[in-house]
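# Structure at a glance
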Amino acid sequence: MDKVSRSAVRAYQRAILTHGGAGSDPQHSDGPQAAAQIGMDLLEKGESALKAAVCAVRHLENDPRFNAGSGSQLRIDGRTIQLDAACMTSDGAFGAVACLEGVRNPIDLACGVLLESPHILLTGEGARIFARDQGIPLLPLTDHSNTRAPGDAPSCDTVGAVVFNGTNFACALSSGGISTAALGRVGDVPLPGCGLYCGPAGAIACTGYGEQIALKILAREVYGWLERGLNPADAELKARGLFYAEVQFGIIILTPTGCAASASDGMAWAHMTEYE
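Below you will find a few notes about this structure. Keep in mind that what you see is a predicted model, and the values were worked out from it rather than measured. (Residues numbered from 1 in each chain as written. Predicted model: local features only at pLDDT ≥ 70, side-chain atom pairs only at ≥ 80, totals over all residues. Heavy atoms only, no water.)

Let us look at helix α7 (residues 232-240). Those residues of α7 that sit buried are P232, A233, A235, E236, A239 and R240. Buried positions in α7, seen along its axis, are confined to an arc of 165° and lie on one side of it. Of the residues flanking the start of α7, the one acting as N-cap is N231, its side-chain oxygen 3.1 Å from the backbone nitrogen of A233. (Buried < 20%, exposed > 50% of the residue type's maximum accessible area, 1.4 Å probe, protein only. Helix = DSSP H or I, 4+ residues; strand = E, 2+ residues; numbered from the N terminus. Arc of directions from axis to C-beta. Polar contact = N/O pair within 3.5 Å; in protein donor to acceptor, adjacent residues only side chain to side chain.)

Here it is in structure tokens:
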């Protein structure tokens, strides 16, 4: 298991963790590193934690080495791409899309749902209509450039980021789905409290076997541990203990004074922190 943890006596001034999905090649950590740098640069310019998280994930969506956005897997029919994405802020705002087709960067649309919609989750054709109304470019549904055929890649089904700007937290996830997924399959990513969660105590983003993660409402469960004073390293270990060894799983956790990241099968990831 790849694992890292860091705790600080001082609070972070700003911090970001990014990942390329459980099972992604650790040698590709330059992708999450570049994404983390994008987010950190935005934080240093005074941008919000949400914008930093969304822009970091957008960069990973545009990296075809990872199973999200332009690098997503085809569904079991061999011709359909359906994407999920979500983002959340520590004041409780949440936005997500599921089974979205024809949008290169679904995280932008999830952010639009959070900022511009009274809803928290839009799916399918409704999400595509919302994208058009938001001025987000639509692609032909037959545009499958850079996508992977079913079974061509490991099930590293999510890219993600957790961010702290010294005051607020935000997190974001985007998924290309698991190998040989059925049409209409939705994993943990767009379900509140499952793939991601954040609040004043910290931010969590999960990756791996989405059905198992969702059934445990895992991100919200981990957040509760942080609220009760568990440090990120111990929270990561406790979360890992909820799964059988063969279940693919990864997680990144960030609090005001510490962070942790681990994956059962290796994971491309990165973190950048600055102290007060």
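What follows continues from the structure just given.
Its 15 residues place the ends of helix α1 (residues 30-44) 21 Å apart at the C-alpha level, agreeing with the 21 Å of an ideal helix rising 1.5 Å per residue. Contacts from the buried residues of α1 go to β2 (12-22), α2 (49-61), β6 (159-164) and β12 (267-275). The first or second residue beyond α1 is G46, which carries a positive phi of 90°. (Expected span 1.5 Å × (residues − 1). Contact = heavy atoms within 4.5 Å.)

Take the state of the cysteines next. Scanning the model with the defined rule gives 0 disulfides in all. With no disulfide of its own, C198 lies closest to C171 among cysteine sulfurs, the gap being 3.8 Å. Left without a disulfide partner, C206 is nearest to the cysteine sulfur of C194, which lies 8.9 Å away. (Disulfide = S-S within 2.5 Å.)

This brings us to unusual backbone geometry. The phi torsion at C99 lies on the positive side, around 50°, for a residue other than glycine. Inspection of the secondary structure puts C99 in strand β4 (residues 94-100). Phi at I217 is positive, roughly 40°, even though this residue is not glycine. Mapped onto the fold, I217 is located in the loop between α5 (210-215) and α6 (218-227).

This paragraph deals with the pairing of β6. Judged by how many residues are buried, β6 sits mostly within the fold: 6 of 6 residues are covered. Neither face of β6 is left uncovered, since the one carrying V159, A161 and V163 and the one carrying G160, V162 and F164 both have all their residues buried. Pairing geometry for β2 and β6, over 5 bridges, is antiparallel. Within β6, the residue paired with A15 across the bridge is F164. By the bridge criterion, 6 bridges tie β6 to strand β7 (residues 169-175) in an arrangement that is antiparallel. Looking at β7, one finds that F164 is bridged to F169. Linking two consecutive strands that pair antiparallel, namely β6 and β7, is a turn of 4 residues; a positive phi of about 95° is found at G166 within it. (Pairing = 2+ DSSP bridges.)

What follows deals with the pattern of salt bridges. Counted under the stated rule, the structure contains 9 salt bridges. Residue D30 is joined to R65 by a salt bridge in which the shortest nitrogen-to-oxygen separation is 3.0 Å. Of this pair, D30 sits in helix α1 while R65 sits in the loop between α2 and β3 (83-89), and the two are 35 residues apart along the sequence. You can call R65 partly exposed: its relative accessible area is 29%. One network of salt bridges, in which partners are shared, links D30, D63 and R65. (Salt bridge = Lys/Arg side-chain N within 4 Å of Asp/Glu carboxyl O.)

Moving on to the environment of L183. Take L183: it is sitting in the loop between β7 and β8 (196-199). L183 sits in the partly exposed class, given a relative accessible area of 47%.

Below, the discussion takes up the side chain of R240. Structurally, the position occupied by R240 is in helix α7. In this structure, R240 is buried with no salt-bridge partner, the nearest side chain bearing the opposite charge being E236 at 6.7 Å. At a separation of 3.4 Å, a polar atom in the side chain of R240 contacts the main-chain carbonyl oxygen of V247. (Lys, Arg positive; Asp, Glu negative; His and termini not counted.)

Think of two packed helices as two axes; the pair is described by the angle between the axes and how far apart they sit. For the pair helix α3 (residues 106-116) and helix α4 (residues 124-133), interaxial distance at closest approach is 10 Å and the crossing angle is 75°. On the basis of their axis angle, the class for α3 and α4 is roughly perpendicular. Taken together, the residues of α4 that come into contact with α3 (itself represented by L109, G112, V113 and E116) are A127, F130 and A131. Of the residues contributing to the contact of α3 with α4, the split by class is 5 nonpolar, 1 polar and 1 charged. (Axes fitted to C-alpha atoms, helices over the stretch in contact; angles between N-to-C directions. Parallel < 35°, antiparallel > 145°, perpendicular 65-115°, else oblique. Nonpolar A, V, L, I, M, F, W, Y, C, P; charged D, E, K, R; others polar.)

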